[in-house]
Amino acid sequence: MHDCSENGSYFHRKHGVVRMDADDELFTREDPIFANKELLEINHLPEKNRIVGRDDEIQSLANAVNPAIFGQSPSNLLIYGKTGTGKSLCAKHVSRRLIETADQEGVTITYAYIDCSQDTTETQAVQSLAASINDAEKTGVSIPDKGISTATYYKRLWSILDAQYDVVLVILDEIDKLESDSILMQLSRAGEAGKIDDCKIGAIGISNKIKYKDRMDERVKSSLCEREFVFPPYDANQLRSIMNARKDAFRDGVLESGVIPRAAALAAQEHGDARKAIDMLRYAGEIAQANSAETVREEFVTDAREKAETDRFRELIRGATPHSRYVLQALTHLSLNEPHQDGFRTTAIYDVYEQLCEDVGSDPLSLRRVRDLLKEHAFLDVLEQSRHSGGSAEGNFTKHRLLEDPEVVRDVLVNIE
Ligand SMILES: Nc1ncnc2c1ncn2[C@@H]1O[C@H](COP(=O)(O)OP(=O)(O)OP(=O)(O)O)[C@@H](O)[C@H]1O
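Residues numbered from 1 in each chain as written. Predicted model: local features only at pLDDT ≥ 70, side-chain atom pairs only at ≥ 80, totals over all residues. Heavy atoms only, no water.

As recorded in an unreviewed UniProt entry, the protein goes by the name ORC1-type DNA replication protein, listed as coming from Natranaeroarchaeum sulfidigenes. Check the Function (unreviewed entry) section of the UniProt entry for the protein; it says "Involved in regulation of DNA replication." Under Sequence similarities (unreviewed entry), UniProt gives the following word-for-word description of the protein: "Belongs to the CDC6/cdc18 family." (UniProt positions renumbered as here; feature names shortened; annotations may be inferred.)

Written out as structure tokens, the structure reads:
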């Protein structure tokens, strides 16, 4: 029973009348800015024609996994690069294309995507892997969230692989976050060790830690790193094309012409990060919505950039290990106390870092490890390093300077603790 009067919305909809009545004015029926916002969402996997400037990388990855089409073992790969350089996107895209082509050849392939920043332990990673590729109706195998041993998860994984697939590609994103190399060892040796009969496994490791390989067990290194790829940051033209290819996220005529060039120029100036560029575009649209503006104006890009930058930084810090954060905290402390200094020497940072470790009751890492952690932060553009000469008495030394506002860094660090 409808309680609407003849003037109510039910009456109007039923009779094809589009006039808004008093109740309807409370809500907007159509998004005035976005036509397909999903295109700008973080987890959206764009189709082929929206992937720009990575043809060579995609072809190289495809060549490395190509043997899978003939049911042979794909090469194991390691992909390095700064944030937002398309590593995950290209790995997933190539995997998806491989599955389609193999299917036409009668070869059954699947891929599993493991986010090692979430699944950091061996048990979590093998559980996620097994659960994501298992079709319980076909295999009769169950993969509970918890309650069984790591060894049992492996046993079930091997039986799923043999029952369902000729080849599986395992994408291990942020592989450096895994607590141990054990799962890599298991995956790379499963065939030789007779754990699986017919199925072939290919691993694709992804990392933005330049030094990750140095920490790996030698045996794992030799099998996992058969091929390595480094993805460079994007330049302004590439970022512009990437954003242009997603313009239809907005309604026709809503996006003013200066928005994409400005966002691309800013993103290229800083880190050449496509995620940040796309985030900026989404935020600029949301700012237009919040201001009830009819168009997305170039001036909105300034605020959008600030928000995207803080997001990026927060994500980087959230993913960092405690000691990597202490090192940053030490540099932040120095930067806040001596704001006019153009940088701080490694030894000065190390002194504060040691003190911080003592305060939290943690053993400090060696000076060499701290130097590596500073290098990692520099690689991800959190700080900048410069070489200096101290003359014959002091020799050469490195200075480190935060690229972010130290107050912003402090606030992010405090809120993550
Ligand atoms: N060449 C490209 N064409 C279109 N979109 C891209 C391209 N490269 C990256 N993107 C988009 O930018 C965002 C970040 O890409 P991706 O997650 O692949 O980066 P990443 O290198 O794996 O970064 P991280 O190390 O931070 O995980 C995604 O939304 C992706 O769709």
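(A) Geometry of the overall build of the protein. Across its full length, the protein holds 17 helices and eight strands. Projecting the C-alpha coordinates of the protein onto the three principal axes gives extents of approximately 85 × 65 × 45 Å. Counting only residues that meet the buried cut, the protein has 46% of its 417 residues in that class. For the protein, the share of sequence-separated contacts (at least 6 apart) that also reach a separation of at least 24 residues comes to 73%. Accessible area for the protein stands at about 21,400 Å²; split by element, carbon and sulfur atoms hold 44% of it. Charge separation in the protein, taken as the distance between the mean sites of 52 positive and 71 negative side-chain charges, equals 3 Å. (Helix = DSSP H or I, 4+ residues; strand = E, 2+ residues; numbered from the N terminus. Buried < 20%, exposed > 50% of the residue type's maximum accessible area, 1.4 Å probe, protein only. Contact = heavy atoms within 4.5 Å. Areas by Shrake-Rupley, 256 points an atom, 1.4 Å probe, with all protein chains shown as cover. Lys, Arg positive; Asp, Glu negative; His and termini not counted. Charge placed at Lys NZ, Arg CZ, Asp CG, Glu CD.)

(B) Quick peek at the packing of helix H9 (residues 236–244) against helix H11 (residues 274–290). The contact between H9 and H11 brings their axes to 10 Å, and the two run at 50 degrees. Taken together, the axes of H9 and H11 lie oblique to each other. For H9 against H11, the interelement crossing comes out right-handed. Counted together, Leu239, Ile242 and Met243 of H9 and Ala274, Ala277, Ile278 and Leu281 of H11 form the full contact between these two elements. (Axes fitted to C-alpha atoms, helices over the stretch in contact; angles between N-to-C directions. Parallel < 35°, antiparallel > 145°, perpendicular 65-115°, else oblique. Left-handed = near helix turned anticlockwise from the far one by under 90°.)

(C) Focus on the nonpolar core. Formed by 37 residues in total, the largest nonpolar core has its most connected members in Ile133, Leu157, Trp158, Leu161, Leu184, Ile201 and Leu224. Looking at this core, the elements with two or more residues in it are strand E1 (77–81), strand E2 (109–115), helix H4 (122–133), helix H6 (150–164), strand E3 (167–173), helix H7 (182–189), strand E4 (200–207) and helix H8 (218–224). Beyond its immediate stretch of four places on either side in the chain, Leu224 contacts Asn76, Leu77, Leu78, Ile175, Leu184, Ala203 and Met216. Counting residues in hydrophobic clusters, the runner-up holds 35 residues, among them Ile33, Leu40, Ala267 and Phe300. (Core = buried A, V, L, I, M, F, W, Y, C linked by side-chain atoms within 4.5 Å.)

(D) Representation of the site of the ligand. Taken together, 21 residues sit near the ligand, with Val52, Lys87, Ser88, Tyr234 and Arg246 positioned nearest. Contact between the ligand and Arg246: a nitrogen atom at 2.8 Å from a side-chain N or O atom of the residue. For the ligand, the accessible surface in isolation is 630 Å², of which the surrounding protein chains cover 93%. Broken down by secondary-structure element, the contributors of at least two residues to the shell around the ligand are helix H3 (87–104) and H11. (Near = heavy atom within 4 Å. Polar contact = N/O pair within 3.5 Å; in protein donor to acceptor, adjacent residues only side chain to side chain.)

(E) Highlighting the UniProt feature "binding site: ATP" (unreviewed entry) in the protein. UniProt's entry tags Thr85, Gly86, Lys87, Ser88, Leu89, Tyr234 and Arg246 with the feature "binding site: ATP" (unreviewed entry), counted in the numbering of this structure. Note on placement: Thr85 falls in the loop between E1 and H3. When near neighbours in sequence (up to four residues on either side) are disregarded, Thr85 contacts Arg54, Phe231, Pro232, Pro233, Tyr234 and Gly272. With respect to the element layout, Ser88 can be found in helix H3.

(F) Spotlight on the packing of helix H12 (residues 300–318) against helix H17 (residues 406–416). Taken N-terminus to C-terminus, the directions of H12 and H17 make an angle of 45 degrees; their axes are 10 Å apart at the nearest point. Classified by the angle between their axes, H12 and H17 sit oblique to one another. Considering how the two elements wind past one another, H12 and H17 form a crossing that is right-handed. Facing H12, whose interface residues are Phe313, Arg314, Ile317 and Arg318, H17 presents Val409, Val412, Leu413 and Ile416. Residue composition of the contact of H12 with H17, by class: six nonpolar, no polar and two charged. (Nonpolar A, V, L, I, M, F, W, Y, C, P; charged D, E, K, R; others polar.)

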